[in-house]
Amino acid sequence: MLMEKEFGLHDIVEMKKQHPCGTNRWKIIRMGMDVRIKCLGCEHSVLIPRKEFARKMKKMLVKHEEPVE
């Protein structure tokens, strides 16, 4: 059984492949059918299909906590 990786808006994740700028930390800045992630090293952003993102994501580094009202 394949476990679905959980991720949300503003989470910081590590991808399997390193970005050419040398870092491997990405922030999720948009979610929908596609996921837009921004490199925390050089600020470059990439839009990739959600299924591909889930496959290429290695692990969650920082989980963004929603403010509790």
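Everything discussed here concerns the structure shown above.
Enquirer: Any chance you could break down the sheet that holds strand S5 (residues 57–62) for me, citing the residues and the numbers?
Expert: A sheet is described by the order of its strands in space; here 5 strands give the open sequence S4-S3-S2-S1-S5, paired in antiparallel fashion. Pairing within the sheet leaves two strands with one partner each, and these edge strands are strand S4 (45–49) and S5. Strand-to-strand, the axes of this sheet are offset by a mean angle of 40°, without reference to chain direction. Strand direction decides the pairing type here: strand S3 (residues 34–39) and S4, joined by 5 bridges, are antiparallel. Looking at S4, one finds that Asp34 is bridged to Pro49.

Enquirer: Outline the packing of aromatic side chains, supporting the account with residue identities and numerical values.
Expert: Under the definition given, this model contains 1 aromatic pair. Taking 4.8 Å as the distance between ring centres and 75° as the angle between the ring planes, the aromatic pair formed by Phe7 and Phe53 counts as edge-to-face. Taken together, the residues Phe7 in the segment before strand S1 (12–15) and Phe53 in helix H1 (residues 50–56) connect sequence positions 46 residues apart. Side by side, Phe7 and Phe53 carry an identical accessibility label, which is buried.

How each quantity is defined
Residues numbered from 1 in each chain as written. Predicted model: local features only at pLDDT ≥ 70, side-chain atom pairs only at ≥ 80, totals over all residues. Heavy atoms only, no water. Pairing = 2+ DSSP bridges. Helix = DSSP H or I, 4+ residues; strand = E, 2+ residues; numbered from the N terminus. Axes fitted to C-alpha atoms, helices over the stretch in contact; angles between N-to-C directions. Phe/Tyr/Trp six-rings, centres within 6.5 Å; stacked < 30°, edge-to-face > 60°. Buried < 20%, exposed > 50% of the residue type's maximum accessible area, 1.4 Å probe, protein only.

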